[in-house]
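Chain by chain, the residues:
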Amino acid sequence: MKLFPPGIPPQKRLLDLILTIPGLVILFPVMILVALAIWLTSGVPVLFRQQRPGYKGKIFTLLKFRTMRLTTGPDGKPLPDKKRLTSLGRFLRSTSLDEFPELWNVLKGEMSLVGPRPLLIEYLERYSPEQMRRHDVLPGISGWAQINGRNAVSWQDKFRLDVWYVDHWSLWLDIKILFMTIGKVFRREGISQPGQATTQYFMGNNPDQMDLKTSKED
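Here's a quick rundown of the structure. Sequence order sets the numbering: in each chain, residues are counted from 1 along the sequence as written. Totals for whole chains, interfaces and linings use all residues, but because this is a predicted model, local features are given only for residues with pLDDT of at least 70 and pairs of side-chain atoms are given and counted only at 80 or more. Excluded from the side-chain calculations are hydrogens and water; all other atoms, namely the structure's heavy atoms, are used.

### Focus on the packing of aromatic side chains
Move 1: Geometry of aromatic contacts follows a simple scheme: Phe, Tyr and Trp rings, the Trp one being its six-membered ring, pair when their centres are within 6.5 Å, and the pair is stacked under 30 degrees between planes, edge-to-face over 60, tilted otherwise. Enumeration over the complete set of coordinates arrives at eight aromatic pairs.
Move 2: Ring centres of Tyr 123 and Phe 202 lie 5.5 Å apart, and the angle between their planes is 80°; on these two criteria the pair is classed as edge-to-face. Within this pair, whereas Tyr 123 is found in the loop between strand E3 (112-114) and helix H5 (129-132), its partner Phe 202 is found in the segment after helix H7 (171-187), the two being separated by 79 residues in sequence. As far as the burial class goes, Tyr 123 and Phe 202 line up, both buried.
Move 3: Of the aromatic side chains, those joined through ring pairs into one cluster are Tyr 123, Tyr 127, Trp 155, Phe 159 and Phe 202.
Move 4: Only when the NZ atom of a Lys or the CZ atom of an Arg is both within 6 Å of the ring centre and within 35 degrees of the ring normal do we say a charge sits over the ring. Positioned over the ring face of Trp 155 is Lys 158, at 4.2 Å from the centre of the ring. Put simply, DSSP marks the helices as runs of H or I at least four residues long and the strands as runs of E at least two long, and each gets a number from the N terminus on. Burial status follows relative accessibility: with a 1.4 Å probe on protein chains alone, a residue under 20% of its type maximum counts as buried, one over 50% as exposed, and anything between as partly exposed.

So, in structure tokens, the structure goes:
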């Protein structure tokens, strides 16, 4: 665990630690119950682990509760999200309970409570230089894009909101986003893109390149 990761404002890190350490203690019984429910309904693994790019593109292992079955088609590739998403997984995603293990990523200094969402490694080569700036801060569990549409907005709008956050970051903005996140969670807004079980796969900035592949649990 890095107490103060390089390049991260100390006050931002202190806010993360002040909220995350007691949060892990308070939420531990809930996480045990969620893990048990996943084990009973879907088996193991209980956690979803995936390599994601973080601050300045440095790769780390993201932790989430698993919400999808590990089923594949005849070609060995994962089935569409709609066919793999479990009833329990749909509930966990709608209530954001699947995000709780990411508190461990925050404690380790790989993520922050607030910042652009950590996306897939293969997206790195598809960003424009402006969009790449979203990696100039720690990725977050929630963020400016999440309280302004989450998965219901287009990728381009989402990245524009991420870069706006990078340019306008302040401690008070983080606090505002955290409070607004609570309301969004209770209202269960923007959980998925319209017509999708989760969200569309980002193939690049050319609209003709958009694809409906699996979201890989993001």
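Once the structure has been displayed, the description carries forward.
### Things to note about unusual backbone geometry
For residues besides glycine, phi is generally negative; the peptide bonds are generally trans as well.
Move 1: The linkage connecting Val 44 with the following residue, Pro 45, adopts the cis geometry, with an omega of 0°.
Move 2: Mapped onto the secondary structure, Pro 45 falls in the loop between helix H1 (10-42) and strand E1 (47-53).
Move 3: In this structure, Lys 56 takes a positive phi of about 60° despite not being glycine.
Move 4: Of note, Lys 56 is situated in the loop between E1 and strand E2 (59-65).

### Regarding helix H3 (residues 87-95)
Move 1: Within H3, burial applies to Gly 89, Leu 92, Arg 93, Ser 94 and Thr 95.
Move 2: Contacts made by the buried residues of H3 are with H1, E2 and H7.
Move 3: Ser 96, located one to two residues past H3, shows a positive phi value of around 65°. Between two residues, a contact is recorded if the distance between any of their heavy atoms is within 4.5 Å.

### Looking at the pattern of salt bridges
Move 1: Salt bridge, as used here, is a side-chain nitrogen of Lys or Arg placed within 4 Å of a carboxyl oxygen of Asp or Glu. All told, the structure shown has 11 salt bridges when counted by the stated rule.
Move 2: Note that Glu 110 is salt-bridged to Lys 108, the shortest N-O span being 3.3 Å.
Move 3: The partner of Arg 133 in a salt bridge is Asp 167, and the shortest N-O contact between them spans 2.2 Å. Taken together, the positions of Arg 133 in the loop between H5 and strand E4 (140-142) and Asp 167 in helix H6 (residues 155-168) put the pair 34 residues apart, joining distant regions of the chain.

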